[in-house]
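# Secondary and tertiary structure notes
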Amino acid sequence: MPDYEDVCALVPTRNEATTIGDVVDGLYDVGVGHVLVVDGHSEDDTRQIAREHDADVIEQSGSGKGQAVREGVEHIEESYVLLLDGDATNPPEQAPRLLDPLVDGRAEHVVGDRTADMQPGAMTKLNQVGNRLINRAFHRIHGENYGDILSGYRAFTRESFEGMFLSAEGFGIETEMAVECARHNIPVDVVPTTYRARPEGSETNLHPISDGARIIFTLYSLAKTSNPLFYFGSVGAVFGTAGVALAGYVGYDWFVKNISHEALTMVAGVLLLLGVQLVMFGVVSDIMVSLHREQRQRIDRLRED
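Within an unreviewed UniProt entry, the label attached to the protein reads S-layer glycoprotein N-glycosyltransferase AglJ, and the organism entered is Halobacterium sp. NMX12-1.

This is how it looks when you write it as C-alpha coordinates:
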(Lines give C-alpha, C1' and ligand atoms only; values in the text may rest on other atoms or scores of the structure.)
Protein backbone atom coordinates (compact mmCIF):
# COMPACT_ATOMS: atom_id res chain seq x y z
CA MET A 1 0.00 0.00 0.00
CA PRO A 2 1.38 3.46 -0.89
CA ASP A 3 2.52 5.63 1.98
CA TYR A 4 1.04 9.13 1.96
CA GLU A 5 2.61 10.24 5.23
CA ASP A 6 3.18 13.75 3.87
CA VAL A 7 -0.52 14.11 3.03
CA CYS A 8 -3.20 15.64 5.21
CA ALA A 9 -6.83 15.04 4.28
CA LEU A 10 -8.93 18.13 4.93
CA VAL A 11 -12.60 17.34 5.59
CA PRO A 12 -15.03 20.24 6.12
CA THR A 13 -18.15 19.00 7.93
CA ARG A 14 -21.46 20.11 9.30
CA ASN A 15 -23.82 17.53 10.80
CA GLU A 16 -22.09 14.53 9.21
CA ALA A 17 -22.28 12.12 12.17
CA THR A 18 -23.80 9.43 9.93
CA THR A 19 -20.79 9.23 7.61
CA ILE A 20 -17.71 10.93 9.07
CA GLY A 21 -16.42 7.79 10.83
CA ASP A 22 -16.40 5.75 7.61
CA VAL A 23 -14.75 8.60 5.71
CA VAL A 24 -11.91 8.93 8.22
CA ASP A 25 -11.36 5.16 8.39
CA GLY A 26 -11.35 4.93 4.60
CA LEU A 27 -8.66 7.60 4.33
CA TYR A 28 -6.40 5.85 6.82
CA ASP A 29 -7.00 2.54 5.03
CA VAL A 30 -5.42 3.87 1.81
CA GLY A 31 -2.37 5.23 3.64
CA VAL A 32 -3.23 8.89 4.17
CA GLY A 33 -1.02 10.04 7.04
CA HIS A 34 -3.19 12.66 8.68
CA VAL A 35 -6.86 13.67 8.70
CA LEU A 36 -8.06 17.10 9.79
CA VAL A 37 -11.80 17.66 10.26
CA VAL A 38 -12.92 21.28 10.26
CA ASP A 39 -16.37 21.25 11.77
CA GLY A 40 -18.84 24.01 10.99
CA HIS A 41 -20.69 24.05 14.31
CA SER A 42 -22.42 20.69 13.96
CA GLU A 43 -25.44 20.06 16.14
CA ASP A 44 -24.90 16.28 16.17
CA ASP A 45 -21.97 14.05 17.22
CA THR A 46 -19.75 14.78 14.20
CA ARG A 47 -16.80 16.10 16.21
CA GLN A 48 -16.91 13.32 18.81
CA ILE A 49 -17.13 10.56 16.21
CA ALA A 50 -14.29 12.04 14.15
CA ARG A 51 -12.04 12.12 17.23
CA GLU A 52 -12.97 8.54 18.10
CA HIS A 53 -11.67 7.54 14.65
CA ASP A 54 -8.32 9.30 15.30
CA ALA A 55 -8.91 12.44 13.25
CA ASP A 56 -7.70 15.83 14.41
CA VAL A 57 -10.71 18.11 14.85
CA ILE A 58 -11.02 21.87 15.02
CA GLU A 59 -14.22 23.87 15.27
CA GLN A 60 -14.56 26.41 12.50
CA SER A 61 -14.23 29.99 13.68
CA GLY A 62 -16.48 31.34 10.92
CA SER A 63 -19.07 29.86 8.61
CA GLY A 64 -19.22 28.49 5.08
CA LYS A 65 -17.15 25.88 3.26
CA GLY A 66 -14.74 28.39 1.76
CA GLN A 67 -13.80 29.79 5.14
CA ALA A 68 -13.46 26.25 6.52
CA VAL A 69 -11.02 25.26 3.76
CA ARG A 70 -8.85 28.34 4.22
CA GLU A 71 -8.79 27.93 7.99
CA GLY A 72 -8.02 24.23 7.68
CA VAL A 73 -5.03 24.76 5.39
CA GLU A 74 -3.61 27.22 7.93
CA HIS A 75 -3.43 24.34 10.42
CA ILE A 76 -1.79 21.91 7.99
CA GLU A 77 1.99 21.46 7.89
CA GLU A 78 2.12 18.58 5.40
CA SER A 79 3.18 19.28 1.80
CA TYR A 80 0.04 17.83 0.19
CA VAL A 81 -3.61 18.42 0.97
CA LEU A 82 -6.49 16.14 -0.01
CA LEU A 83 -9.85 17.92 0.10
CA LEU A 84 -13.06 15.92 0.25
CA ASP A 85 -16.55 16.14 1.73
CA GLY A 86 -17.51 14.36 4.92
CA ASP A 87 -20.78 12.98 3.55
CA ALA A 88 -19.22 9.89 1.90
CA THR A 89 -20.19 11.05 -1.60
CA ASN A 90 -16.46 11.14 -2.45
CA PRO A 91 -15.08 7.57 -2.04
CA PRO A 92 -11.99 7.78 0.20
CA GLU A 93 -10.62 4.60 -1.38
CA GLN A 94 -10.11 6.60 -4.61
CA ALA A 95 -7.79 9.08 -2.89
CA PRO A 96 -4.65 7.59 -4.53
CA ARG A 97 -6.01 8.65 -7.94
CA LEU A 98 -5.73 12.26 -6.85
CA LEU A 99 -2.59 11.99 -4.75
CA ASP A 100 -0.32 10.08 -7.12
CA PRO A 101 -0.03 12.93 -9.70
CA LEU A 102 1.03 15.25 -6.87
CA VAL A 103 3.52 12.89 -5.26
CA ASP A 104 4.99 12.01 -8.68
CA GLY A 105 5.42 15.70 -9.52
CA ARG A 106 3.09 15.62 -12.53
CA ALA A 107 0.72 18.25 -11.16
CA GLU A 108 0.29 20.77 -8.38
CA HIS A 109 -3.51 20.61 -8.37
CA VAL A 110 -5.69 17.59 -9.14
CA VAL A 111 -9.44 17.70 -9.75
CA GLY A 112 -11.63 14.64 -9.24
CA ASP A 113 -14.12 14.57 -12.11
CA ARG A 114 -17.40 13.41 -10.58
CA THR A 115 -19.13 13.26 -13.97
CA ALA A 116 -16.97 10.27 -14.94
CA ASP A 117 -19.03 7.98 -12.70
CA MET A 118 -22.16 9.68 -11.42
CA GLN A 119 -24.18 7.13 -9.52
CA PRO A 120 -28.02 7.21 -9.57
CA GLY A 121 -29.42 9.76 -7.15
CA ALA A 122 -26.08 11.42 -6.52
CA MET A 123 -27.10 14.68 -8.19
CA THR A 124 -30.47 16.08 -9.20
CA LYS A 125 -31.22 16.88 -12.84
CA LEU A 126 -31.26 20.59 -11.98
CA ASN A 127 -27.81 20.36 -10.42
CA GLN A 128 -26.47 18.38 -13.39
CA VAL A 129 -27.70 21.01 -15.85
CA GLY A 130 -26.25 23.81 -13.73
CA ASN A 131 -22.95 21.95 -13.40
CA ARG A 132 -22.62 21.57 -17.18
CA LEU A 133 -23.47 25.22 -17.82
CA ILE A 134 -20.96 26.45 -15.25
CA ASN A 135 -18.18 24.22 -16.62
CA ARG A 136 -18.86 25.41 -20.17
CA ALA A 137 -18.85 29.03 -19.02
CA PHE A 138 -15.53 28.47 -17.23
CA HIS A 139 -14.01 26.95 -20.36
CA ARG A 140 -15.30 29.87 -22.45
CA ILE A 141 -14.06 32.55 -20.05
CA HIS A 142 -10.76 31.08 -18.89
CA GLY A 143 -9.80 28.82 -21.79
CA GLU A 144 -9.15 25.77 -19.60
CA ASN A 145 -11.05 22.50 -19.31
CA TYR A 146 -10.82 21.10 -15.80
CA GLY A 147 -13.65 18.64 -16.29
CA ASP A 148 -15.63 19.40 -13.15
CA ILE A 149 -14.62 22.71 -11.54
CA LEU A 150 -17.31 22.39 -8.85
CA SER A 151 -15.91 19.11 -7.57
CA GLY A 152 -15.16 19.11 -3.87
CA TYR A 153 -12.85 16.12 -4.31
CA ARG A 154 -9.42 17.48 -5.16
CA ALA A 155 -5.81 17.50 -4.05
CA PHE A 156 -3.15 20.17 -4.19
CA THR A 157 0.22 21.19 -2.87
CA ARG A 158 0.04 23.46 0.14
CA GLU A 159 2.49 25.81 -1.57
CA SER A 160 0.26 26.29 -4.62
CA PHE A 161 -2.77 26.90 -2.39
CA GLU A 162 -0.97 29.56 -0.38
CA GLY A 163 -0.21 31.41 -3.62
CA MET A 164 -3.90 31.73 -4.44
CA PHE A 165 -6.11 34.70 -3.61
CA LEU A 166 -9.26 33.16 -2.19
CA SER A 167 -12.12 35.00 -0.52
CA ALA A 168 -15.29 32.93 -1.07
CA GLU A 169 -17.06 32.01 2.15
CA GLY A 170 -19.31 29.25 0.80
CA PHE A 171 -19.34 26.74 -2.05
CA GLY A 172 -17.71 29.22 -4.43
CA ILE A 173 -14.31 28.13 -3.08
CA GLU A 174 -13.97 25.40 -5.74
CA THR A 175 -14.69 27.91 -8.50
CA GLU A 176 -12.14 30.33 -7.07
CA MET A 177 -9.47 27.63 -6.93
CA ALA A 178 -10.12 26.68 -10.56
CA VAL A 179 -9.86 30.33 -11.63
CA GLU A 180 -6.65 30.80 -9.66
CA CYS A 181 -5.14 27.69 -11.28
CA ALA A 182 -5.94 29.09 -14.73
CA ARG A 183 -4.72 32.57 -13.84
CA HIS A 184 -1.37 31.43 -12.41
CA ASN A 185 -0.80 28.58 -14.89
CA ILE A 186 -0.71 26.01 -12.09
CA PRO A 187 -0.24 22.50 -13.55
CA VAL A 188 -3.61 20.77 -13.20
CA ASP A 189 -4.50 17.12 -13.71
CA VAL A 190 -8.06 15.79 -13.99
CA VAL A 191 -8.80 12.24 -12.85
CA PRO A 192 -12.07 10.27 -12.96
CA THR A 193 -13.80 9.69 -9.65
CA THR A 194 -17.10 8.24 -8.49
CA TYR A 195 -19.82 10.45 -7.06
CA ARG A 196 -22.16 8.59 -4.72
CA ALA A 197 -25.61 9.45 -3.48
CA ARG A 198 -25.74 10.72 0.08
CA PRO A 199 -26.57 7.95 2.56
CA GLU A 200 -30.07 7.88 3.98
CA GLY A 201 -30.35 10.21 6.95
CA SER A 202 -27.64 12.54 5.67
CA GLU A 203 -28.84 15.97 4.52
CA THR A 204 -27.07 18.20 2.02
CA ASN A 205 -25.85 21.66 2.98
CA LEU A 206 -25.99 22.83 -0.66
CA HIS A 207 -28.94 24.94 -1.80
CA PRO A 208 -29.09 24.61 -5.61
CA ILE A 209 -30.67 27.97 -6.44
CA SER A 210 -28.99 30.33 -3.98
CA ASP A 211 -25.60 28.61 -3.97
CA GLY A 212 -25.73 28.14 -7.75
CA ALA A 213 -26.39 31.87 -8.20
CA ARG A 214 -23.44 32.71 -5.94
CA ILE A 215 -21.16 30.36 -7.89
CA ILE A 216 -22.17 31.91 -11.22
CA PHE A 217 -21.65 35.41 -9.80
CA THR A 218 -18.23 34.36 -8.47
CA LEU A 219 -17.24 32.92 -11.86
CA TYR A 220 -18.33 36.05 -13.70
CA SER A 221 -16.85 38.56 -11.24
CA LEU A 222 -13.44 36.84 -11.34
CA ALA A 223 -13.36 37.25 -15.13
CA LYS A 224 -12.54 40.96 -14.76
CA THR A 225 -8.93 40.14 -13.90
CA SER A 226 -8.45 36.91 -15.87
CA ASN A 227 -10.45 37.69 -19.02
CA PRO A 228 -11.34 41.41 -18.98
CA LEU A 229 -12.31 41.38 -22.66
CA PHE A 230 -15.14 38.97 -21.84
CA TYR A 231 -16.08 40.77 -18.62
CA PHE A 232 -16.28 44.30 -20.01
CA GLY A 233 -17.12 43.22 -23.55
CA SER A 234 -20.22 41.32 -22.45
CA VAL A 235 -21.52 44.32 -20.51
CA GLY A 236 -20.64 46.60 -23.42
CA ALA A 237 -22.46 44.30 -25.82
CA VAL A 238 -25.60 44.52 -23.67
CA PHE A 239 -25.53 48.33 -23.63
CA GLY A 240 -24.63 48.49 -27.32
CA THR A 241 -27.45 46.12 -28.29
CA ALA A 242 -29.93 48.15 -26.24
CA GLY A 243 -28.70 51.31 -27.95
CA VAL A 244 -29.07 49.79 -31.42
CA ALA A 245 -32.58 48.53 -30.62
CA LEU A 246 -33.63 51.92 -29.28
CA ALA A 247 -32.07 53.73 -32.24
CA GLY A 248 -33.97 51.39 -34.57
CA TYR A 249 -37.23 52.26 -32.86
CA VAL A 250 -36.49 55.99 -33.05
CA GLY A 251 -35.49 55.71 -36.71
CA TYR A 252 -38.60 53.75 -37.62
CA ASP A 253 -40.91 56.32 -36.04
CA TRP A 254 -38.99 59.17 -37.73
CA PHE A 255 -38.89 57.80 -41.26
CA VAL A 256 -42.20 55.89 -41.34
CA LYS A 257 -44.49 57.83 -38.99
CA ASN A 258 -42.70 61.20 -39.00
CA ILE A 259 -42.63 61.15 -35.21
CA SER A 260 -39.55 62.47 -33.44
CA HIS A 261 -38.18 61.25 -30.09
CA GLU A 262 -35.46 63.71 -29.08
CA ALA A 263 -34.99 62.32 -25.58
CA LEU A 264 -34.91 58.69 -26.75
CA THR A 265 -32.44 59.65 -29.48
CA MET A 266 -30.09 61.03 -26.82
CA VAL A 267 -30.53 57.92 -24.68
CA ALA A 268 -29.79 55.66 -27.66
CA GLY A 269 -26.63 57.62 -28.41
CA VAL A 270 -25.45 57.40 -24.80
CA LEU A 271 -26.07 53.63 -24.71
CA LEU A 272 -24.17 53.10 -27.97
CA LEU A 273 -21.27 55.27 -26.80
CA LEU A 274 -21.13 53.50 -23.44
CA GLY A 275 -21.19 50.09 -25.11
CA VAL A 276 -18.33 50.98 -27.46
CA GLN A 277 -16.28 52.46 -24.61
CA LEU A 278 -16.72 49.35 -22.46
CA VAL A 279 -15.60 47.10 -25.32
CA MET A 280 -12.56 49.32 -25.96
CA PHE A 281 -11.75 49.30 -22.23
CA GLY A 282 -11.99 45.50 -22.30
CA VAL A 283 -9.54 45.33 -25.22
CA VAL A 284 -7.03 47.60 -23.46
CA SER A 285 -7.39 45.67 -20.19
CA ASP A 286 -6.90 42.38 -22.02
CA ILE A 287 -3.65 43.65 -23.52
CA MET A 288 -2.44 44.73 -20.07
CA VAL A 289 -3.31 41.34 -18.56
CA SER A 290 -1.49 39.53 -21.39
CA LEU A 291 1.62 41.67 -20.88
CA HIS A 292 1.46 41.04 -17.13
CA ARG A 293 1.30 37.29 -17.68
CA GLU A 294 4.26 37.38 -20.05
CA GLN A 295 6.24 39.38 -17.52
CA ARG A 296 5.41 36.93 -14.75
CA GLN A 297 6.50 34.02 -16.93
CA ARG A 298 9.85 35.74 -17.56
CA ILE A 299 10.31 36.34 -13.84
CA ASP A 300 9.44 32.71 -13.04
CA ARG A 301 11.97 31.47 -15.62
CA LEU A 302 14.66 33.73 -14.14
CA ARG A 303 13.93 32.36 -10.68
CA GLU A 304 14.22 28.79 -11.93
CA ASP A 305 17.58 29.60 -13.55
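What follows covers the overall build of the protein. Check the secondary structure of the protein and you find 11 helices and 7 strands. C-alpha atoms of the protein, sized along the principal axes, occupy 85 × 55 × 35 Å. By the burial criterion, 46% of the 305 residues in the protein qualify as buried. Restricting to contacts in the protein with at least 6 residues of sequence separation, those with at least 24 account for 76%. For the protein, the exposed surface amounts to about 15,800 Å²; the carbon and sulfur share of it is 56%. Distance between charge centroids for the protein: 9 Å, based on 25 positive and 46 negative side chains.

Now for the UniProt feature "domain: Glycosyltransferase 2-like" (unreviewed entry) in the protein. UniProt's entry tags residues 9–163 with the feature "domain: Glycosyltransferase 2-like" (unreviewed entry), counted in the numbering of this structure. In this annotation, residues 9–163 is assigned 38% helix and 23% strand; the end-to-end C-alpha distance for the span is 19 Å.

Let us now look at the pairing of strand 2 (residues 32–39). Burial within strand 2 is extensive, with 6 of its 8 residues counted as buried. Relative to strand 2, strand 1 (residues 4–13) runs parallel, the two being bridged by 7 bridges. Following the sheet pairing, Y4 is matched in strand 2 by V32. On the question of chirality, the crossover connecting strand 1 to the parallel strand 2 by way of helix 1 (residues 20–29) is right-handed. Bridge analysis of strand 2 against strand 3 (residues 56–59) gives 4 bridges, and the strand direction is parallel. Paired with V38 across the bridge in strand 3 is I58.

Reading across from one edge, 3-2-1-4-6-5-7 is the order of the 7 strands in this open sheet, with mixed pairing throughout. If you trace the sheet from one side to the other, it starts and ends with strand 3 and strand 7 (188–195), each paired once. The mean inter-strand angle of the sheet, taken between neighbouring strand axes irrespective of direction, is 25°. Judged from the 3 bridges that link them, strand 5 (residues 109–118) and strand 6 (residues 154–157) form a sheet pairing that is antiparallel. Residue V110 lies in a different strand from strand 6, and its bridge partner there is A155.

All right, on to the environment of P187 then. Summarising the element assignment, P187 is placed in the loop between helix 7 (173–183) and strand 7. Residue P187 is classed as partly exposed on the basis of its relative accessible area, which comes to 37%. The spacing of P187 and E108 is 79 residues in sequence and 5.5 Å in space, taken between C-alpha atoms.

Right, let's talk about the pattern of salt bridges for a bit. Using the criterion set out here, one finds 9 salt bridges in the structure. Measuring nitrogen to oxygen at the nearest pair gives 2.6 Å for the salt bridge that ties D39 to R47. R47 sits in the partly exposed class, given a relative accessible area of 21%. One salt bridge in this structure joins E180 and R183, with 2.7 Å as the shortest N-O distance. With a gap of 3 residues between them, E180 and R183 both fall in helix 7, about one helical turn apart. In this structure E180 comes out as buried when scored by relative accessible area, which is 2%. Bridged by salt links that share partners, the residues K65, D85 and E174 form one connected network.

Turning to helix 4 (residues 95–103), a few remarks are in order. Among the residues of helix 4, those classed as buried are A95, P96, L98, L99, P101 and L102. Packed against the buried residues of helix 4 are strand 1, strand 2, strand 4 (80–83), strand 5, strand 6 and strand 7. Immediately beyond the C-terminal end of helix 4, within one or two residues, lies G105, with a positive phi of roughly 80°.

To continue, consider the nonpolar core. For soluble globular proteins, nonpolar side chains are generally found buried alongside one another. Ranked by internal contacts, the top residues of the largest apolar core, which has 32 residues, are L10, F138, F161 and M177. If you tally residues by element for this core, the top one is helix 7, at 6 residues. Not counting residues up to four positions away in its chain, the partners in contact with F161 are V69, R70, V73, F156, L166 and M177. Counting 29 residues, the second largest nonpolar core, distinct from the first, contains I20, V23, A50 and A95.

Basis of the calculations
Residues numbered from 1 in each chain as written. Predicted model: local features only at pLDDT ≥ 70, side-chain atom pairs only at ≥ 80, totals over all residues. Heavy atoms only, no water. Helix = DSSP H or I, 4+ residues; strand = E, 2+ residues; numbered from the N terminus. Buried < 20%, exposed > 50% of the residue type's maximum accessible area, 1.4 Å probe, protein only. Contact = heavy atoms within 4.5 Å. Areas by Shrake-Rupley, 256 points an atom, 1.4 Å probe, with all protein chains shown as cover. Lys, Arg positive; Asp, Glu negative; His and termini not counted. Charge placed at Lys NZ, Arg CZ, Asp CG, Glu CD. UniProt positions renumbered as here; feature names shortened; annotations may be inferred. Pairing = 2+ DSSP bridges. Right-handed = clockwise from strand over helix to strand, strands pointing away. Axes fitted to C-alpha atoms, helices over the stretch in contact; angles between N-to-C directions. Salt bridge = Lys/Arg side-chain N within 4 Å of Asp/Glu carboxyl O. Core = buried A, V, L, I, M, F, W, Y, C linked by side-chain atoms within 4.5 Å.

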